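# A look at the structure
Listed below, chain by chain, are the residues.
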Amino acid sequence: MAINYVVVPQWQGSGSSRAMRLVDGAESIRGDLPSAATRTVEVPLEAGDQQGTGVHRLSSLTLVRERTHHVFAEDAAIHITIGGDCGVELAAIEHVSASAPAVVWIDAHPDLHTPDSSPSGAFTGMVLRTLLGEGPAALVPEHPLTADRVILAGVRSADPEEDSYIQDAGIRSIGAIEFSPEALLDAIAATGADSVYLHIDLDVLDPAEFAGLGSPVPFGVSPTALAETIRAVVAKYPLAGAGITEFAPASIAQAVDDLPTILRLIGAITSAR
Ligand SMILES: [Mn+2]
């Protein structure tokens, strides 16, 4: 199947006061993608409202999710979704969940809050929990993921409520320090899945090596280790899909500095094809 890029410049899931930088980030990545294989989801200009759910800007998130599904349906392809905030993974993972891939959540954060536990009300911090079936009713998938197919990788900033959920649900987790091709391949094998979905929040990278982040977390993974690990995974497992999220450059110069790293990761994701 061909690779297709779907750019979703959603910022409404972010809790950052600089969320609009995500729009600049998505647009600068799009500029380097093959235009014939790239679609863009139109994101509403307005913030939207929470409709009494405790999830900020829920109405816009609902609309973007719907529009993203329409764009996926236009092409029978393996979709690489380009955010925007991590909330774009809701539609992207729903789209492939019927085949029960291992979902590898490569991110500094587990994004496992509920509307009740979230300190910010930002959907980015709740998206994986929502995919697992607990979240705002308007966004919970019809067929949620099961915890045994989810792997956290590079996580190093979890809140206590998220930590207890990880323990209780028995979710596999590989920290930034033990992040390696071997560790991830072992964890994927243990899920029993025969394909993988790769979620990559760029904040998994070490902020010393990647600047364009809205919420940098120290002691991350190096771009080289991440690219190598992705290559090893896609060499062994068919790719169900992938997402790259949270590019939030502060300036055009910063975007230009970071783009080679992002293109290198995209090259790794598509390296088995
Ligand atoms: Mn994150």
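Structure shown above.
Residues numbered from 1 in each chain as written. Predicted model: local features only at pLDDT ≥ 70, side-chain atom pairs only at ≥ 80, totals over all residues. Heavy atoms only, no water.

## Quick look at the coordination of the manganese ion
Operational definition: Coordinating donors are taken as N, O and S atoms within 2.8 Å of the metal, stretched to 3.2 Å for Na, K and Ca; because water is absent from the atoms, sites can appear incomplete. A 1.4 Å probe rolled over the protein chains alone gives each residue an accessible area, and that area as a share of the maximum for its type sets the label: buried under 20%, exposed over 50%, partly exposed in between.
Taken together, the protein donors to the manganese ion comprise D107 (OD), H109 (ND1), D201 (OD) and D203 (OD), at separations of 2.2 to 2.3 Å. In this structure D107 comes out as buried when scored by relative accessible area, which is 0%.

## Describing the sheet that holds strand β4 (residues 102-106)
In sheet architecture, strand pairing relies on hydrogen bonds along the backbone and comes in two forms, parallel and antiparallel. Counted only if it meets this: Any two strands with at least two DSSP bridges between them are considered paired. Here a helix means four or more residues in a row that DSSP labels H or I, a strand means two or more in a row labelled E, and each is numbered from the N terminus. Lines fitted to C-alpha atoms define the axes, with helix axes restricted to the stretch in contact, and inter-axis angles between N-to-C directions lie between 0 and 180 degrees. The contact definition used throughout considers only heavy atoms, calling two residues in contact when any of these lie within 4.5 Å.
Ordered in space as β2-β1-β3-β8-β7-β4-β5-β6, the eight strands form an open sheet in which the pairing is parallel. Strand pairing shows two members of the sheet lacking a second neighbour, β2 (38-40) and β6 (172-174), which therefore form its edges. Direction aside, the axes of adjacent strands within the sheet are offset by 15° on average. In this sheet, β2 lies alongside strand β1 (residues 3-7) in parallel orientation, the contact comprising three bridges. Of the residues in β2, the one forming a bridge with V6 is R39. Along the sheet, helix α6 (residues 181-191) makes contact with β4, β5 (150-153), β6 and β7 (196-201), crossing β6 at roughly 175°.

## A short note on helix α5 (residues 160-169)
Note on helix geometry: an α-helix contains 3.6 residues per turn, so any two residues three or four positions apart are oriented the same way. Basically, it comes down to this: Note that the arc is defined by the directions from the helix axis to the C-beta atoms.
Residues E162, Y165 and I166 constitute the buried set of α5. Projected down its long axis, α5 carries its buried residues within an arc of 100°, all on one side. Of the residues in α5, the exposed ones pointing more than 90 degrees away from the buried face are P160, Q167 and D168. Where α5 is buried, its residues contact α4 (127-131) and β5.

## Focus: the pattern of salt bridges
Note the following rule: Note on definitions: salt bridges are taken to be side-chain nitrogens of Lys or Arg within 4 Å of carboxyl oxygens of Asp or Glu.
Across all of its chains, the model carries five salt bridges by this definition. Among the salt bridges present, the one from R129 reaches E134, with a minimum N-O distance of 3.3 Å. E134 gets classed as partly exposed once you look at its relative accessible area, which sits at 36%. One salt-bridge network, in which partners are shared between bridges, spans R39, E74 and D75.

## Things to note about the nonpolar core
We apply this condition: Nine residue types can take part in a nonpolar core, namely buried Ala, Val, Leu, Ile, Met, Phe, Trp, Tyr and Cys, and a core is a set of them joined through side-chain atoms within 4.5 Å.
I106, I188, L198, L202, L226 and I230 are the most contacted members of the largest nonpolar core, which has 49 residues in total. The element best represented in this core is helix α8 (residues 252-269), accounting for seven residues. Once residues within four sequence positions are removed from consideration, L202 is found in contact with F210, L213, I244, T245, F247, I262 and L265. Grouped together as the second largest cluster of nonpolar side chains are 37 residues, L58, L61, V127 and L145 included.

## Quick notes on the pairing of β4
The buried count for β4 comes to five of five residues, which makes it a mostly enclosed element. Of the two faces of β4, the one lined by A102, V104 and I106 and the one lined by V103 and W105 are each fully buried. In terms of strand pairing, β4 meets β7 through five bridges, oriented parallel. Bridged to W105 within β7 is H199. Sheet topology note: the β4/β5 ladder contains four bridges and is parallel. When the sheet's bridge partners are listed, I106 is paired in β5 with A153.

## Some remarks on the packing of helix α7 (residues 223-236) against α8
Going by this rule: Oblique is the label for every angle not falling under 35 degrees (roughly parallel), over 145 degrees (roughly antiparallel), or within 65 to 115 degrees (roughly perpendicular). If you view the pair so one helix is near and one far, a crossing is left-handed when the near helix is turned anticlockwise from the far one by less than a right angle, and right-handed when it is turned clockwise.
Orientation of α7 relative to α8, taken along the N-to-C sense of each, is 15°, at an axis distance of 8 Å. Classified by the interaxial angle, the pair formed by α7 and α8 is roughly parallel. Here α7 runs over α8; the crossing is right-handed. On α8, the residues that touch P223, T224, L226, A227, I230, R231 and V234 of α7 are T261, R264, L265, G267, A268 and I269.

## Remarks on the environment of L58
Along the polypeptide, L58 turns up in helix α2 (residues 58-74). For L58, a relative accessible area of 1% gives the class buried. Here the alpha-carbon distance between L58 and A76, two residues 18 residues apart in the chain, equals 29 Å. When residues no more than four places from it in sequence are discounted, the contact partners of L58 are D49, Q50, Q51, T53, P136, A138 and L139.

## Let's talk about the pairing of strand β3 (residues 78-82)
With respect to burial, β3 is a largely interior element, five of its five residues being buried. By the alternation rule, side chains of β3 split into I78, I80 and I82 and H79 and T81, which are all buried. By the bridge criterion, five bridges tie β1 to β3 in an arrangement that is parallel. Residue Y5 lies in a different strand from β3, and its bridge partner there is I80.

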